[in-house]
Amino acid sequence: MDQLFTLLKYAFFGFVQGITEPIPISSSGHLVLAEKMLDIHIQGLSFEVFMNFASLLAVLVIYREDLVRLTTNGLKFTQTRNREYRSDFMFIVYLIIGTIPAAVIGILAGDFISKNLKEVKVIGATLIVTGIALWLIRNLRGRKNDQDLSIKDALIVGFAQAIALIPGISRSGATIVAAMGLGMKQQTALRYSFLLYIPVSVGTMVLSFDDLREDKMLTLDQLLIPYLVAFLISFIASYISLKWLMNIMERGNLKYFAIYCFIVGPLILLFM
């Protein structure tokens, strides 16, 4: 019975991670809320990093054609300087620039954030902030395509991603809001947001490597199957959730996520 409960527990948290990672309602905040509501805590970094890797794989699968094109054309530009490939090369440059703010702040303030800001009340307040930001840009229809981006755009979206290190501030929400506020088309904003997620996610796993080696919570004989089940569920849920978000972005219905945040945030502040 204990083994079944363990399996269900990890499967549930894998689902929460997967379904909330792509959409703009903060996966980190919802994981903290799930632990609080169910009075269950999964200690150690292994599980969190493992689930993050599952979501990363879903993003890689969905954007595989963009990644192949960017890599191929980026290399061609460095070799030929052909202007035909310049926009893809510069898009890669902007992804690198956009990664810098979150990387720097994560290194400098990551421990402080994880120790002091994973409080339920903080998440309630930051969900309201996320809702306000989503509401403000709900009707924006930008004109910027991939080739129209600039260093300033990359830095601003990058700083928005850095702010999302705070639980309750959605990473996808913050970057999409910033990108659309800068005049990007919805599909450009979405593509830049999730391609920007890739280096940050990889960087998080690399920086967590030493902590993972010291993490004694994962014992393969007991948790291998729960981890694998949670990983599979997180991957599938992330894939479905991101596809759903792409459809929502096409229809311009981000306001529904704002309304969700306006409902859940105050409920957390009042009752948790």
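This text goes with the structure placed above it.
Residues numbered from 1 in each chain as written. Predicted model: local features only at pLDDT ≥ 70, side-chain atom pairs only at ≥ 80, totals over all residues. Heavy atoms only, no water.

A. Highlighting the pattern of salt bridges. Taken as a whole and assessed by the stated rule, the structure comprises 5 salt bridges. Where R69 meets D88, a salt bridge forms, and the shortest distance between an N and an O atom there is 3.4 Å. Taken as a pair, R69 in helix α4 (residues 64–80) and D88 in helix α5 (residues 86–116) lie far apart in primary sequence, 19 residues in all. Residue classification places R69 among the partly exposed residues on the basis of a relative accessible area of 30%. The class of D88 is buried, set by a relative accessible area of 10%. Among the ionic pairs, R191 bridges to D146, the shortest N-O distance being 2.9 Å. Highlighted residues: R191 in helix α9 (residues 186–207) and D146 in the loop between α6 (120–136) and α7 (151–163), separated in sequence by 45 residues. As far as the burial class goes, R191 and D146 line up, both buried. Connected via shared salt-bridge partners are D66, R69, D88, D146 and R191. (Salt bridge = Lys/Arg side-chain N within 4 Å of Asp/Glu carboxyl O. Helix = DSSP H or I, 4+ residues; strand = E, 2+ residues; numbered from the N terminus. Buried < 20%, exposed > 50% of the residue type's maximum accessible area, 1.4 Å probe, protein only.)

B. The arrangement of the packing of aromatic side chains in detail. Inspection of every chain in the model, using the stated rule, returns 9 aromatic pairs. For the ring pair F12 and F13, a centre distance of 5.6 Å and an interplane angle of 75° mean the geometry is edge-to-face. Looking at F12, the relative accessible area reads 36%, which means it is partly exposed. On the basis of an interplanar angle of 40° and a centroid distance of 5.0 Å, the ring pair of F50 and F231 is categorised as tilted. (Phe/Tyr/Trp six-rings, centres within 6.5 Å; stacked < 30°, edge-to-face > 60°.)

C. Highlighting the side chain of R191. In this structure the side chain of R191 is engaged in a polar contact, spanning 3.4 Å, whose partner is the side chain of D66. A polar atom in the side chain of R191 sits 2.9 Å from the side chain of D146. Here R191 is in contact with Y63, D66 and D146, once residues within four sequence places are set aside. (Polar contact = N/O pair within 3.5 Å; in protein donor to acceptor, adjacent residues only side chain to side chain. Contact = heavy atoms within 4.5 Å.)

D. Broad picture of the nonpolar core. Ranked by size, the top nonpolar core spans 54 residues in total, and within it Y63, Y192 and L245 carry the most contacts. By residue number, the principal contributor to this core is α9, which donates 9 residues. What L245 contacts, discounting residues up to four positions off in sequence, is P22, I23, P24, I176, L190, F194, L254 and F257. (Core = buried A, V, L, I, M, F, W, Y, C linked by side-chain atoms within 4.5 Å.)

E. The arrangement of unusual backbone geometry in detail. Phi is positive for S26, which is not a glycine, with a value near 75°. Within the fold, S26 resides in the loop between α1 (2–20) and α2 (27–38). Classification of S26 as buried rests on a relative accessible area of 3%. You will see that R81, though not glycine, has its phi angle at about 60°, which is positive. Assignment of secondary structure puts R81 in the loop between α4 and α5. Owing to a relative accessible area of 57%, R81 belongs among the exposed residues under this scheme.

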